[in-house]
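# Fold and contact review
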Amino acid sequence: MDTAPPSSSSRRPRAVRWLGALVAVGLVAVLLLGAMELGARALGLGDPILYYSTVEGGVRPLARQASERVGGARVTIDENGFRSVSTVPTADSSALRILYLGGSVTWGGSQVDDPDTYPERASEVVRSATGRPVYAMNAGVNGTSLLNAAEVYAVEGARADAVVWLFPWGSTVRPYISLGPLLPARLAPRFAAVELVDQLLFRYWLGAFREPSAPGEPFTVDDLPPGYDDVASHETEARRAANLAALQSVVADAQRRGVPILVGVTPTVRGDGPLPVPSEAQAALDEARAAGAVVFDAHAVVATEGGPDGLFLDGVHFSTAGHHAIGEALGALILPTLADSTAR
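Everything numeric here is computed off the predicted structure, so don't read it as measured data.

Counting secondary structure elements, the chain contains nine helices and 11 strands. For the chain, the proportion of its 344 residues judged to be buried stands at 44%. Of all intrachain contacts in the chain linking residues separated by at least 6 positions in sequence, the fraction that spans at least 24 positions is 73%. Approximately 18000 Å² of the chain is accessible, and the part contributed by carbon and sulfur atoms is 59%.

Structure below.
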């Protein structure tokens with residue numbers, strides 16, 4: 001018995017069903033992407049600070065940027081490429097210019113408002129006490145080493161009236177850093193969801209399904225071919241030596257120029273309190289002091305505040321309250337240091 005082919009009228013409902021399914025999937029996708037976009041914007045994403053690679057510091061933020069980030073925190077990059085809201089006219093000879101070197105601790109992150117970072121707080125202490133304009137030249141950049149900061153000093157130090165260099169001890173085992181393939185951002189995302197995906201990839205995917213690095217040494221690789229067992233420890237020692245040599249070189253140059261320089265190691269918090277200052281760190285600070293630098297004791301500031309509770313966002317980075325405490329103590333130390341420099 002012959003079977004007649006399906007009529008066009010019977011094929012149409014099937015096509016309509018497929019089309020309806022595709023439309024439904026598309027609508028769900030649009031709704032999910034819309035929810036992701038709104039969520040990313042609510043987190044403060046979508047307008048990241050943009051960076052560029054440079055031979056003078058490895059990586060620096062582009063000048064003339066302003067962004068509202070996590071929790072409404074403002075991040076402003078001035079015309080000279082510093083995170084600063086206290087720019088003073090170049091021709092103002094009465095202004096004090098304080099160069100703040102460092103990494104993410106100095107930078108302040110995207111959860112701390114511009115005026116609340118410790119460079120701005122310290123400069124406000126100096127401004128209030130002296131009555132003079134103060135330019136807080138915050139040159140901190142996330143993830144950079146002391147080698148990077150020393151290059152920034154080589155370019156910017158000549159116009160500074162004082163230099164402040166605070167860093168966590170872990171920064172001394174970092175290599176020289178330039179701009180990476182994903183973060184920090186080089187190009188502005190068209191949608192906030194794009195930055196959200198970038199952050200998720202950077203935080204979770206890049207380290208997924210890969211062998212972990214050696215415990216306690218996050219900047220070196222533990223698993224090495226036979227015969228290379230000592231490469232990781234040797235590399236760590238070599239990086240630390242190069243970074244500390246950069247520190248001492250900057251101290252020596254500042255002394256030669258007659259520019260006061262304050263240096264210090266910021267606390268690393270584990271469990272209930274800060275880890276003690278490593279003996280190697282204390283030796284480096286003692287060497288800097290012997291060369292003429294003023295040493296700032298950030299650990300003592302944390303202890304005076306009753307411990308790290310409320311002062312840190314994580315084990316390394318200061319909260320707004322932490323920036324305030326460090327900035328006020330730092331400003332109180334900068335004042336007599338500037339006075340001594342002027343008297344000499």
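That shown, we press on.
Both strand 1 (residues 51-54) and strand 2 (residues 58-61) contribute to a ladder of four bridges, which runs antiparallel. From the neighbouring strand, Ser-53 faces strand 2, where its bridge partner is Val-59. In this antiparallel pair of consecutive strands, strand 1 and strand 2, the connection spans three residues, and Gly-57 shows a positive phi of 120°.

Moving on, we come to the nonpolar core. As a rule of thumb, soluble globular proteins bury nonpolar side chains together. With 34 residues, the main nonpolar core has Leu-99, Leu-101, Val-163, Trp-165, Leu-247, Ile-261 and Val-263 as its most contacted residues. Those elements that provide at least two residues to this core are strand 5 (96-101), strand 6 (134-138), helix 4 (146-156), strand 7 (162-168), helix 6 (231-257), strand 8 (261-266) and helix 7 (279-290). Residue contributions to this core peak at six residues, all from helix 6. Not counting the four nearest positions on each side in its chain, Leu-99 is found in contact with Phe-82, Met-137, Ala-139, Tyr-153, Glu-156, Gly-157, Ala-160, Ala-162, Val-163 and Val-164. Residues Tyr-118, Val-126, Leu-166 and Val-269 belong to the second largest nonpolar core, which totals 26 residues.

Right, let's get into the environment of Val-265. Here Val-265 shows up in strand 8. Val-265 sits in the buried class, given a relative accessible area of 5%. It is 7.9 Å that separates the C-alpha atoms of Val-265 and Val-277, two residues lying 12 residues apart in sequence. For Val-265, the contacting residues outside a window of four places in its chain are Phe-167, Pro-168, Trp-169, Ala-281, Leu-285, Phe-296, Ala-298 and His-299.

So, about the sheet that holds strand 5. With respect to topology, five strands assemble into an open sheet ordered 6-5-7-8-11, the strand pairing being parallel. Two strands in the sheet have a free side with no partner beyond their single neighbour: strand 6 and strand 11 (294-295). Running over the sheet, helix 3 (residues 118-130) touches strand 5, strand 6 and strand 7 and is turned about 160° from strand 5.

Tracing the backbone shows Thr-172 in the loop between strand 7 and helix 5 (192-205). Residue classification places Thr-172 among the buried residues on the basis of a relative accessible area of 0%. Side-chain polar atoms of Thr-172 contact the side chain of Arg-240, separated by 3.0 Å. Apart from the residues lying within four places of it in its own chain, the contact partners of Thr-172 are Leu-146, Phe-167, Arg-239, Arg-240, Asn-243 and Leu-244.

The rules behind these values
- Residues numbered from 1 in each chain as written.
- Predicted model: local features only at pLDDT ≥ 70, side-chain atom pairs only at ≥ 80, totals over all residues.
- Heavy atoms only, no water.
- Helix = DSSP H or I, 4+ residues; strand = E, 2+ residues; numbered from the N terminus.
- Buried < 20%, exposed > 50% of the residue type's maximum accessible area, 1.4 Å probe, protein only.
- Contact = heavy atoms within 4.5 Å.
- Areas by Shrake-Rupley, 256 points an atom, 1.4 Å probe, with all protein chains shown as cover.
- Pairing = 2+ DSSP bridges.
- Core = buried A, V, L, I, M, F, W, Y, C linked by side-chain atoms within 4.5 Å.
- Axes fitted to C-alpha atoms, helices over the stretch in contact; angles between N-to-C directions.
- Polar contact = N/O pair within 3.5 Å; in protein donor to acceptor, adjacent residues only side chain to side chain.

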